[in-house]
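Topology and contacts: notes
Chain residues, written in single-letter form:
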Amino acid sequence: MFEIKRSILSSVGMILLAGLFLAGYIFDFLSDDFALVGEFNEELGPLFGPLLYWAFFLALLWALFVFGKLLISNDPVITMDTNEIKFHAPIKGFSSKSFTMQWKEIESIQRGYQNVPFSGEKIEYLVITPFNEEAAKKYNSLNVKSDEFMSLGMSYDMNKRVGIPLKGLKLKPKEILMLAKKFLAENS
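1. Observations regarding the overall build of the protein chain
Counting its regular elements, the protein chain contains 5 helices and 7 strands. Counting from the amino terminus, the protein chain carries its helices and strands in the arrangement β-α-α-β-β-β-β-β-α-α-β-α. Every one of the 188 residues in the protein chain was classed for burial, and the buried ones make up 34%. In the protein chain, once contacts between residues fewer than 6 apart in sequence are set aside, the share between residues at least 24 apart is 60%.

2. Some points on the nonpolar core
Within the largest apolar cluster, 26 residues are counted, with the highest numbers of intra-cluster contacts made by I78, M80, I85, I109 and L126. Of all the elements in the fold, those that place two or more residues in this core are strand 2 (76-80), strand 3 (84-87), strand 4 (99-102), strand 5 (106-115), strand 6 (122-130), helix 3 (133-139), strand 7 (162-165) and helix 5 (173-187). Residues within four places of I109 in sequence aside, it is in contact with W103, L126, V127, I128, L177, A180, K181 and L184. Listed in part, the 10 residues of the second largest apolar core include Y25, F57, L60 and V66.

3. Description of the pairing of strand 6
For a regular strand, side chains alternate in direction, first toward one face of the sheet and then toward the other. Of all 9 residues in strand 6, 7 are buried, a share of seventy percent or more. The turn linking strand 5 back onto strand 6 is made up of 6 residues, and F118 within it adopts a positive phi angle of 70°. Where strand 6 lies against strand 7, 4 bridges are found, and the strand directions are antiparallel. Paired with V127 across the bridge in strand 7 is G163.

4. Regarding the packing of aromatic side chains
If you walk through the whole model with that rule in mind, you get 5 aromatic pairs. Ring geometry for W103 and F183: centres 5.9 Å apart, planes at 10°, overall stacked. Residue W103 is found in the loop between strand 4 and strand 5, and its partner F183 is found in helix 5; the two are separated by 80 residues along the sequence. Given a relative accessible area of 0%, W103 falls into the buried group. With a relative accessible area of 14%, F183 lands in the buried category.

5. Here we look at helix 5
Along an α-helix, residues three or four positions apart point the same way, because every turn accommodates 3.6 residues. Between its first and last C-alpha, helix 5 extends 21 Å over 15 residues, near the 21 Å set by a 1.5 Å rise per residue. Every buried residue of helix 5 is listed here: P173, I176, L177, L179, A180, F183 and L184. In a view along the axis of helix 5, the buried residues occupy a sector of 165°, so they form one face of it. Residues of helix 5 that are exposed and point over 90 degrees away from its buried face: K174, M178, A185 and E186. Where helix 5 is buried, its residues meet strand 1 (2-5), strand 2, strand 5 and strand 6.

6. Comments concerning the pattern of salt bridges
All chains considered together, the criterion is met by 4 salt bridges. Between R111 and E124 there is a salt bridge whose closest N-O contact spans 2.8 Å. Here E124 lies in strand 6 and R111 lies in strand 5, a separation of 13 residues in the sequence. Exposure remark for R111: the relative accessible area of 33% places this residue in the partly exposed category. The residue K167 makes a salt bridge to E121 at a minimum N-O spacing of 2.7 Å. Residue K167 is located in the loop between strand 7 and helix 5, and its partner E121 is located in the loop between strand 5 and strand 6; the two are separated by 46 residues in the primary sequence. Owing to a relative accessible area of 34%, E121 belongs among the partly exposed residues under this scheme.

Calculation notes
- Residues numbered from 1 in each chain as written.
- Predicted model: local features only at pLDDT ≥ 70, side-chain atom pairs only at ≥ 80, totals over all residues.
- Heavy atoms only, no water.
- Helix = DSSP H or I, 4+ residues; strand = E, 2+ residues; numbered from the N terminus.
- Buried < 20%, exposed > 50% of the residue type's maximum accessible area, 1.4 Å probe, protein only.
- Contact = heavy atoms within 4.5 Å.
- Core = buried A, V, L, I, M, F, W, Y, C linked by side-chain atoms within 4.5 Å.
- Pairing = 2+ DSSP bridges.
- Phe/Tyr/Trp six-rings, centres within 6.5 Å; stacked < 30°, edge-to-face > 60°.
- Expected span 1.5 Å × (residues − 1).
- Arc of directions from axis to C-beta.
- Salt bridge = Lys/Arg side-chain N within 4 Å of Asp/Glu carboxyl O.

The analysis is restricted to geometry; functional conclusions fall outside its scope.
Encoded structure:
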């Protein structure tokens, strides 16, 4: 069994950013004038201003918890063995799902990308083409609906292929592709 784990640097940066915002909140909370709530009150009124203030505070705590958990955990993101390939979603319950597919169900594997709107960045994916298109449609159902509303910029057809994000992993995308093709050739 081969395991590909998350790079620590991706979680450290997010923890530092959330910690910086949290420090601003704590400093504001301890100050006499409570300036941030006043700013929110001016913009949104006395009811929604404090509500948004505390909602953002809770979101920061949630981000610290999630990225702290990702930093501490040593769970693999992608595992490959002689039977199957598995993608373990880092945050369950959101758009990313866990994915498991037998090697004998896979037609081909290649690299794809997503053009991120407004930033020009490309996120690389391990693109798996299953023999059965229904598996791809089932896994990508939420992304296909999102793509109809606003283009996600995927370089592959989400109705026929499944993409596993490769950003923030310890191995480079080329190395992961070579390993996956090797496992596919040996075990299909």
